[in-house]
Amino acid sequence: DTAVSQTPKYLVTQMGNDKSIKCEQNLGHDTMYWYKQDSKKFLKIMFSYNNKELIINETVPNRFSPKSPDKAHLNLHINSLELGDSAVYFCASSQSRLAGNNEQFFGPGTRLTVL
Amino acid sequence: GQQLNQSPQSMFIQEGEDVSMNCTSSSIFNTWLWYKQDPGEGPVLLIALYKAGELTSNGRLTAQFGITRKDSFLNISASIPSDVGIYFCAGQLRVFGNEKLTFGTGTRLTIIP
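Heads up: these notes are all about the structure in this document. (Residues numbered from 1 in each chain as written. Chains lettered and ligands numbered in written order. Predicted model: local features only at pLDDT ≥ 70, side-chain atom pairs only at ≥ 80, totals over all residues. Heavy atoms only, no water.)

**Observations regarding the nonpolar core**
Operational definition: The nonpolar core is taken to be a set of buried Ala, Val, Leu, Ile, Met, Phe, Trp, Tyr and Cys residues, with the residues joined through side-chain atoms within 4.5 Å. Burial classes follow relative accessibility: with a 1.4 Å probe on protein chains only, a residue under 20% of its type's maximum area counts as buried, one over 50% as exposed, and anything between as partly exposed. In this description a helix means any DSSP run of H or I spanning at least four residues, a strand means any run of E spanning at least two, and both kinds are numbered starting from the N terminus.
Counting residues in hydrophobic clusters, the biggest one holds 21 residues, and the most contacted among them are Trp 32, Trp 34 and Leu 74 of chain B. Residue assignment for this core shows that the elements contributing at least two residues are strand E2 (10–14), strand E3 (19–24), strand E4 (31–37), strand E5 (44–49), strand E7 (61–65), strand E8 (71–76), strand E9 (85–92) and strand E11 (107–112) of chain B. Counting residues in each nonpolar core, the second largest holds 19 residues, with Trp 34, Phe 47, Leu 76 and Val 114 of chain A among its members.

This is the structure in structure tokens:
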């Protein structure tokens, strides 16, 4: 009974390809996030969705497009992959924008390697 | 974007020692969270703090929300091998419509046999 799950765990691909990473949470949370962790382990928010609505969109190239078919899923599609996209991508979720806390729960990560 | 400064960057300690680390920000937050990340895994929430001056414990871990609201501290007492990992602080200024967490640079804890 995994709380936040991501697929795939590892993704190795060539430059220029298009790829998707999927995320699902079974916590009943309303808000989901995508983070990027670079080689120095720095975690940076990319996107956030609340109930399928985009609420945070950091300065991310428009090759990255999140899609939320329902509040339990937030997928990340990346077009025309570049070497600099190599990183670990984490999905996270939290209860609600209206909740008194913003405790975010993370998935296990997807390690993307662009060759 | 904003980064939180965590120190120390890395620690090498012996089993049984106590550990202290801190996180400072140039701006105020009204939420501080502490996470631990094991190799190949996602960050796991350890402690959440919501009030300036608050002191909260979770087993051997104790964290404090600094009175200035610009810093937070994490202590681990009597360290054990499974404490090894990277510890991240994260701050948030909770305003409706902004749930963004800003993460610290991390403290890597290693236990020397």
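**Some words on the pattern of salt bridges**
All names here are of chain B. How we decide: For this document, the term salt bridge refers to a Lys or Arg side-chain nitrogen within 4 Å of an Asp or Glu carboxyl oxygen.
This model, assessed by the stated rule, comprises six salt bridges over all chains. The partner of Asp 38 in a salt bridge is Lys 36, with the nearest N and O atoms 2.9 Å apart. Take Lys 36: its relative accessible area is 12%, and that puts it in the buried class.

**Brief notes about the sheet that holds strand E7 (residues 64–70) of chain A**
Residue and element names in this part refer to chain A. This is how the line gets drawn: DSSP bridges decide pairing: two strands pair if at least two such bridges lie between them. The angle between two axes is taken between their N-to-C directions and runs from 0 to 180 degrees, where each axis is a line fitted to C-alpha atoms and a helix contributes only its stretch in contact.
Taking strand neighbours across the sheet as the criterion, the four strands line up as E1-E3-E8-E7 in an open arrangement whose pairing is antiparallel. The open sheet has two edge strands with one neighbour each: strand E1 (4–7) and E7. In this sheet, adjacent strand axes meet at a mean angle of 20 degrees when their direction is disregarded. Pairing between E1 and strand E3 (residues 19–25): four bridges, direction antiparallel. Its bridge partner being in E3, Gln 6 is matched across the sheet by Cys 23.

**Focus on the interface of chain B and chain A**
The condition that has to hold: Contacts are assigned to residue pairs that have any heavy atoms within 4.5 Å of one another. Defined in terms of a 1.4 Å probe, buried area is the accessible area two parts forfeit on being brought together, summed over both. Between N or O atoms, a polar contact is any pair within 3.5 Å; within protein, one atom must be a potential hydrogen donor and the other a potential acceptor, and residues adjacent in sequence are included only when both atoms are from side chains.
Listed as interface residues are 23 residues of chain B and, on the opposing side, 22 residues of chain A. In this assembly, chain B packs against chain A so that about 2,000 Å² is buried in total across both faces, 59% of it on carbon and sulfur atoms. Summed over the shared surface of chain B and chain A, the result is zero salt bridges. Counting every contact that joins chain B to chain A gives four residue pairs in polar contact (both at pLDDT 80 or more). Going through the elements one at a time, E4, E5 and E9 of chain B are the ones with two or more residues in the side of chain B that touches chain A.

**A word on the pairing of strand E4 (residues 31–37) of chain A**
Every other side chain in a regular strand lies on the same face of the sheet, so the side chains alternate between the two faces. Residue and element names in this part refer to chain A. Buried residues dominate E4, accounting for six of its seven residues. Where E4 meets strand E5 (residues 43–50), seven bridges bridge the pair, whose relative direction is antiparallel. Looking across to E5, one finds that Gln 37 is bridged to Leu 43. Between the end of E4 and the start of E5, which pair antiparallel, lie five residues, with Lys 41 showing a positive phi angle near 75 degrees. Bridge analysis of E4 against strand E9 (residues 87–94) gives seven bridges, and the strand direction is antiparallel. When the bridges of E9 are listed, Lys 36 appears paired with Tyr 89.

**Some details on unusual backbone geometry**
With an omega of -5 degrees, the peptide bond between Thr 7 of chain A and Pro 8 of chain A qualifies as cis. A cis geometry characterises the amide bond from Ser 7 of chain B onward to Pro 8 of chain B, with omega recorded as -5 degrees. Its place among the elements puts Pro 8 of chain B in the loop between strand E1 (5–7) and E2. One non-glycine residue, Lys 41 of chain A, adopts positive backbone phi at about 75 degrees. Mapped onto the elements of the fold, Lys 41 of chain A is located in the loop between E4 and E5. On the accessibility criterion, Lys 41 of chain A (26% relative accessible area) is partly exposed. Although it is not a glycine, Asn 51 of chain A sits at a positive phi angle of roughly 50 degrees. For Asn 51 of chain A, the location among the structural elements is in the loop between E5 and strand E6 (53–57).

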